[in-house]
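Chains, contacts and geometry: an overview
Given next are the chains, with one letter for each unit.
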Amino acid sequence: MKNNQWSSRLGFVLATAGAAIGLGNLWKFPYIMGRNGGFSFLIVYLLFIVILGLPVMMLEMSLGRYSGKNPVESYKKINKKAGIVGFLGVFAAFVILSYYSVIGGWILKYLFSYVTTANAPADFAAFSASNETVLWHFLFMASAVIICLMGVKGIEKASKFMMPALFILMIIIIVRTVTLPNAVEGLKFMFLPSDNSSFTFTSISEALGQVFYSLSLCMGITITYGSYLKKDENIPKSCAQVAVMDTAIAVLAGIAIFPAVFSFGLDVEQGPGLIFGILPKIFSEIGGGFIFAIAFFILVFFAAVTSGIALLEVSVSFVTQKWKIGRKKAVLGVGLAVFLLGVPSCLATGALSGFNIAGYNFFDLMSVFTDNILLPLSGLLMCWFVGWRWEPKILANEMTLGAKKFKLAKIWIFTIKYITPVLILVVTVSGFVNIYNTVTAA
Ligand code: TRP
C-alpha cells in the first residue's frame, strides 16, 4: 500500500468529516441561524446542502482521485489554464487557516480558563483585543502542525478518535440544555415556522456561503483527500455520509445552544460572540456548569483542530509535490508562515485596531477576501472548466468505479453545468454588494 493512502474507508470518511466539521458548524452556523430567523434559514440551508453542496463535493472528490495529485495538478490535467483554480483554492486554504487558528486559540484559552478557574475569561472583548491571543494562536497552530507531521495516518488516527468523542460530548450537552426550563422555545425557534422579519434575501446568500464554508468546498481539501483514496471506494456514498454528518453536527449545535439561550432570555441575534459571550453566562447559571463548559470547549477544539489539519494539509500537499521537499520541512515551513500571517489577525481589535482598509480590520479583511472573493471565483472557474471546457462525464465515470452504477450521473452533470454556477453567481454578487455597502459606509 502506498504511504499516502487512507488505511480504511472509515478513517477516510471520518477525516473528511473532520475537515468539514469545524468552527463553521459550532460557532458560525448557530449565530447566523440566530440572526436569520431560525427555521426559515434552516430549511434553505438544508436545501442548498443537497442541490449545491453535495454535487460540488462529489466533483472535487472524484477529480482528486482521478488525478491522484494536489489541486493545482488536478486542474491542470483538465486544461493547462485551469491550474489557477486549484491555486486559488490552495491559497484560500492558506489564508483561511491564518485567522481560523486565531479563533482556535480563543477556544484553547476558554478551555484553559475553565479547567484552571472553573470560569470563562472575565471579558471576551478585552481578551480578544489583548496581545495574549498571539500565544494561543501559536498553541493552536502547534497542535495542528504536530498531527500533520504524522502524515495521512496521523490525520486518520486523530479523526477516528476526535470525531466520535465530539459527538458524544455534544449529546451530553444537549441532554442538559433541553431539560432547562422553557427550553422548548429554543426548539420552536429552530423547528417551527414563525412569521419573522429577520429572514431576508441576504439570508439566502448567507445560507449559500455557509454551505460552501461548512463542507469546505472549493479550497482544495476534498481534492487533496480524494487523491489519497483507493479506486474501489464509493464516492457518492462517502460524500453523502460526510454531508449528513456535517449537517447533523450543525443542527445539533443549534439544539445544544438555542434552548439555553431562550431559557435564560438572552439575545439570539447576538452574532459572532454567541459562544464566547453568551454561552459562558449560561454555563455560570446552571448547576455544574463548568463541567459542561469544559466538555463544550473540548468538543469545539476537536472540531477546530481536525479542520485546521485539513487546511494545513492542502498547502503541504501542494508544496511537497511542487518543490519536491520532504513532508516534515513542508509542514514546519507552512505552519510558520501561517502563524506569522495570523499575528495581525490576532491583534486586529487590539494593538492594530487603528489599521483599517475600507472599514475592515485585518481579521475581517482576511475573511472577506477568502469568503467573498477567492471562494466564489474559484467555484465559478471550477464549473466553467469542468462543465464546459472538459467532459464532466469523465468524472461521472470515475464515480461509477466504486459505486457499480451512478444512477444520478445525468442529473449531476446538469447541476454542475447549469445550477451550481448560477447559485455561485448569486453568492458572488451579494458578497460584492455587502462589500460595497461596507466600503461606502466607511
Ligand atoms: N468547514 C470548516 C468548518 O466548518 C472550515 C473550512 C473552510 C475548512 N474551508 C476549509 C476546513 C478547508 C478544512 C479545509 O469549520
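For the structure, check the block above.
Read on for an overview of the structure.

**Regarding the site of the ligand**
Every one of the 15 residues lining the ligand counts as a neighbour, but Gly24, Tyr100, Tyr213, Ser216 and Met219 are closest to it. Backbone polar atom of alanine 20 to an oxygen atom of the ligand: 2.9 Å apart, as the coordinates give it. Side-chain polar atom of serine 216 to a nitrogen atom of the ligand: 2.9 Å apart, as the coordinates give it. Considering the ligand on its own, with 360 Å² of exposed area, one finds that the protein chains cover 100% of that surface. Secondary-structure elements contributing two or more residues to the shell around the ligand are helix H1 (9-20), helix H2 (23-35), helix H10 (201-214) and helix H14 (289-323). For the shell around the ligand, a count of residues per class yields 9 nonpolar, 6 polar and no charged.

**Comments concerning helix H7 (residues 132-149)**
The end-to-end C-alpha distance of H7, which contains 18 residues, comes to 26 Å, matching closely the 26 Å that a straight helix rising 1.5 Å per residue would cover. Where H7 is concerned, the buried positions are Thr133, Trp136, His137, Phe140, Met141, Ala144, Val145, Ile147 and Cys148. Looking at the buried residues of H7, the elements they touch are helix H5 (83-117), helix H6 (124-128), helix H8 (151-178), H14 and helix H15 (327-346). Glycine 151, located one to two residues past H7, shows a positive phi value of around 80 degrees.

**Quick word on the nonpolar core**
The biggest cluster of nonpolar side chains holds 164 residues, and the ones touching the most others in it are Tyr225, Phe276 and Leu312. With sequence-adjacent residues up to four places away left out, leucine 312 is seen in contact with Leu97, Met141, Ala144, Val145, Cys148, Val331, Val334 and Gly335.

**Brief notes about the packing of H5 against H15**
At a closest axis distance of 8 Å, the pairing of H5 and H15 adopts a crossing angle of 60 degrees. Comparing their axes, H15 and H5 come out oblique. Every pair of crossing elements has a handedness; the one defined by H5 and H15 is right-handed. For the pair formed by H5 and H15, the contact residues are Phe94, Val95, Leu97, Ser98, Tyr99 and Val102 on the first element and Val334, Ala337, Val338, Leu341, Gly342, Ser345 and Cys346 on the second. Residues of the contact of H5 with H15, tallied by class, amount to 10 nonpolar, 3 polar and no charged.

The rules we used
Residues numbered from 1 in each chain as written. Predicted model: local features only at pLDDT ≥ 70, side-chain atom pairs only at ≥ 80, totals over all residues. Heavy atoms only, no water. Near = heavy atom within 4 Å. Polar contact = N/O pair within 3.5 Å; in protein donor to acceptor, adjacent residues only side chain to side chain. Areas by Shrake-Rupley, 256 points an atom, 1.4 Å probe, with all protein chains shown as cover. Helix = DSSP H or I, 4+ residues; strand = E, 2+ residues; numbered from the N terminus. Nonpolar A, V, L, I, M, F, W, Y, C, P; charged D, E, K, R; others polar. Expected span 1.5 Å × (residues − 1). Buried < 20%, exposed > 50% of the residue type's maximum accessible area, 1.4 Å probe, protein only. Contact = heavy atoms within 4.5 Å. Core = buried A, V, L, I, M, F, W, Y, C linked by side-chain atoms within 4.5 Å. Axes fitted to C-alpha atoms, helices over the stretch in contact; angles between N-to-C directions. Parallel < 35°, antiparallel > 145°, perpendicular 65-115°, else oblique. Left-handed = near helix turned anticlockwise from the far one by under 90°.

Taken by themselves, the reported measurements are silent on function.
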